[in-house]
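# Overview (structure and organization)
Now for the letters of each chain:
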Number of protein chains: 2
Amino acid sequence: MSQVSPIIHKTRTQLVVEVLREKILSGEIKAGEPLRQSALASELNVSRIPVREALLQLEAEGLVKFEAHKGATATELSVEQASELFELRALIEPDLLAKSIPNLTEKQLDAAEEVLSQLESAFRSENAVNTWSELNTLYHASLYYGANRPQAMEVVKSLNTNSDRYIRLQLLLTGGIPRAETEHRELLNLCKAGNVEAATELLRNHILHAKDGVKTLVEEYVNNQN
Amino acid sequence: MSQVSPIIHKTRTQLVVEVLREKILSGEIKAGEPLRQSALASELNVSRIPVREALLQLEAEGLVKFEAHKGATATELSVEQASELFELRALIEPDLLAKSIPNLTEKQLDAAEEVLSQLESAFRSENAVNTWSELNTLYHASLYYGANRPQAMEVVKSLNTNSDRYIRLQLLLTGGIPRAETEHRELLNLCKAGNVEAATELLRNHILHAKDGVKTLVEEYVNNQN
DNA sequence: TGAGCCTTTTTTGTATACAAATTACAACAT
DNA sequence: ATGTTGTAATTTGTATACAAAAAAGGCTCA
């Protein structure tokens, strides 16, 4: 008969992962801050088991450092890490894009267009800082679907999650969104035109621009943390 | 007084991770095989808690698929995954090498040389199949230390772990070690000479050769699995 | 004052116990 | 036979309890 919408039973572990991830990305949990299992457990009304499992998953994502018998902390931010993250993205993402463009369907391009317009409205409305960041990642990903590269996508996803901390910090400090916003629209046009060469080059520079922006701001921030 | 060698207390979770990882890489646990928590727990004389945590970590490494309420299984092998893994490595590793070569110290080069000779003896002695695989990964990594790119190294490490399953399968099926063994020595020479261009190109081809070798063999294997 | 050692406290690691979800299976109806 | 429904068995998810390690505090002795 008709498709029965399946009830998704999220485990407590998954819920804790989501809560903690958001808190770390948003900066509510600061870099270096210890994450006490019992404290989090009672705060979130679960036992320590799902908290531990969540912390392990977040460690795999690179947001948490988990030391045996010592405890977990939110990983530290550094200019070096930020640079490396963006440079790695600048290497991998253009490659993905190049492989994707020839295979992108109309449907996929429309989906990207849709995300892009949401991104642009988030850009105009000032306070939509955290949604902008999310949409930004989603927009990038939506251009790579044609590549059919699940492993690479996973790597990029992880790199993006970590970049997100820096981007949100930047948005927080500058109070706004990077000026390089027009590049997104241009990128989509190049993809539609099937201009692989120009699109990958633009993407590469786009990511490296983002790196430069983040770099200078994080530099001050990290210094002023002492 | 004298340096007291610190007793490393490995947690049970860590031990379980190591045991299971080796079993999956070696093929003792076959692709798709379900990993029952209680069975593993009693087999390894621990409770289910460290087993669960180990399975979660192995999921992050890409060796295990963990589905809520359904259980964990060793991830499936596929030609597509193998190809993608090696192609990603062919993208990232040469970049790492290029950044590394100008900064490689004598000491680091000597260390690489040392690993290489071990690799070569493992190559000659037939049955040292699993140590060869390990040394191979280590040798590659040892050439990248100069790059000072911890994040990229982590990504490469993960890709290598997954490649390892395919390489070991290949070694198992062919009963020997790839013929491209001489390339390793040549690569080290180019690194010593500081010839970035030639070294990265050789490395790229080296990885893509490995890909081709694995690909054809895995193709048959996966087909014959039914 | 401060360095070392012991005790206490806190925190993590893991076993056990129970709850909840999934799967296997038997009885039944078609 | 095939498919369906309800029940039992299996398996996973999580709370609780206890063991072990690390950190904090206090004591002694130079």
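Residues numbered from 1 in each chain as written. Chains lettered and ligands numbered in written order. Predicted model: local features only at pLDDT ≥ 70, side-chain atom pairs only at ≥ 80, totals over all residues. Heavy atoms only, no water.

Within an unreviewed UniProt entry, the label attached to chain A reads GntR family transcriptional regulator, and the organism entered is Ferrimonas aestuarii.

## Details of unusual backbone geometry
The backbone of Asn148 of chain A shows a phi angle near 55°, a positive value even though the residue is not glycine. Its place among the elements puts Asn148 of chain A in the loop between α6 (129–142) and α7 (150–174). Residue classification places Asn148 of chain A among the exposed residues on the basis of a relative accessible area of 60%. We note that His69 of chain B has phi near 70°; this positive angle belongs to a residue other than glycine. Here His69 of chain B shows up in the loop between β2 (64–67) and β3 (71–74). The class for His69 of chain B is exposed, based on a relative accessible area of 72%. (Helix = DSSP H or I, 4+ residues; strand = E, 2+ residues; numbered from the N terminus. Buried < 20%, exposed > 50% of the residue type's maximum accessible area, 1.4 Å probe, protein only.)

## Description of the sheet that holds β3 of chain B
Residue and element names in this part refer to chain B. With respect to topology, 3 strands assemble into an open sheet ordered β1-β3-β2, the strand pairing being antiparallel. Single-partner strands in this sheet number two, and they are β1 (34–35) and β2. Here β1 pairs with β3 via 2 bridges, running antiparallel. From the neighbouring strand, Leu35 faces β3, where its bridge partner is Ala72. (Pairing = 2+ DSSP bridges.)

## Section: the UniProt feature "domain: HTH gntR-type" (unreviewed entry) in chain A
According to UniProt, the "domain: HTH gntR-type" (unreviewed entry) feature falls on residues 10–77 of chain A. Taken end to end, residues 10–77 of chain A has its terminal C-alpha atoms 30 Å apart, with 54% of it in helix and 15% in strand. (UniProt positions renumbered as here; feature names shortened; annotations may be inferred.)

## Quick word on the sheet that holds strand β3 (residues 71–74) of chain A
The strands that make up a sheet pair up through hydrogen bonds in the backbone, lying either parallel or antiparallel. Residue and element names in this part refer to chain A. Here we have 3 strands laid out as an open sheet, ordered β1-β3-β2, and antiparallel in their pairing. Among the strands making up the open sheet, the edge pair consists of β1 (34–35) and β2 (64–67). With 4 bridges joining them, β2 and β3 adopt antiparallel strand pairing. By the bridge assignment for β3, Glu67 is matched with Gly71. Where helix α3 (residues 48–61) meets the sheet, its contacts fall on β1, β2 and β3, and the angle it forms with β2 comes to roughly 120°. (Contact = heavy atoms within 4.5 Å. Axes fitted to C-alpha atoms, helices over the stretch in contact; angles between N-to-C directions.)

## Topic: helix α9 (residues 196–224) of chain B
For an α-helix, 3.6 residues make a turn, and residues three or four places apart therefore share a direction. Residues and elements named next belong to chain B. For α9, which comprises 29 residues, the first-to-last C-alpha distance of 42 Å matches the rise-based estimate of 42 Å (1.5 Å per residue) to within 8%. Considered for burial, the residues of α9 that qualify are Ala199, Thr200, Leu202, Leu203, His206, Ile207, Lys211, Gly213, Val214, Leu217 and Val218. In this fold, the buried residues of α9 make contact with α4 (79–100), α6 (129–142), α7 (150–174) and α8 (182–193). (Expected span 1.5 Å × (residues − 1).)

## Examining the protein's contact with DNA strand D
Neighbouring DNA strand D are 22 residues, the closest being Arg12 and Ser47 of chain A together with Arg48, Arg52 and His69 of chain B. For DNA strand D, the backbone portion of the atoms within 4 Å of the protein, that is sugar and phosphate, comes to 72%. For DNA strand D, a phosphate oxygen lies 2.2 Å from a polar atom in the side chain of Arg52 of chain B. Those elements that provide at least two residues to the surface near DNA strand D are α1 (12–26) and α3 of chain A together with α3 (48–61) of chain B. Among the residues making up the surface near DNA strand D, the classes are represented as 7 nonpolar, 8 polar and 7 charged. (Near = heavy atom within 4 Å. Polar contact = N/O pair within 3.5 Å; in protein donor to acceptor, adjacent residues only side chain to side chain. Nonpolar A, V, L, I, M, F, W, Y, C, P; charged D, E, K, R; others polar.)

## Description of the environment of Val196 of chain B
Residue and element names in this part refer to chain B. For Val196, the position within the fold is in helix α9. Its relative accessible area of 27% is what places Val196 among the partly exposed residues. Along the primary structure Val196 and Ala98 are separated by 98 residues, whereas in three dimensions their C-alpha atoms are 5.7 Å apart. In contact with Val196, other than residues within four places in its own chain, are Ala98 and Ile101.

## Side note on the interface of chain A and chain B
With 24 residues of chain A at the interface, the matching set in chain B holds 24 residues. Across the interface of chain A and chain B, roughly 2,100 Å² is buried in total on both sides, 62% from carbon and sulfur atoms. The largest per-residue losses of area from chain A upon contact with chain B belong to Glu53, Glu84 and Gln151 of chain A, which jointly make up 28% of the total buried on that side. On the surface where chain A and chain B come into contact, there are 4 salt bridges. (Buried area = accessible area lost by both parts, 1.4 Å probe. Salt bridge = Lys/Arg side-chain N within 4 Å of Asp/Glu carboxyl O.)

## A few points about the relation of the copies chain A and chain B
Least-squares fitting of chain A to chain B yields an RMSD of 0.1 Å, with the transformation described by 0.0 Å of translation along the axis and a rotation of 180°. On the angle and the small slide along the axis, the relation comes out as a two-fold axis. Rotation axis and chain A: the residue whose C-alpha lies nearest the axis is Ala60 of chain A, separated from it by 3.0 Å. Of the residues that chain A buries at the interface, 100% are likewise interface residues in chain B, meaning the two copies contact each other through the same surface. (Least-squares fit on C-alpha atoms with pLDDT ≥ 70 in both.)

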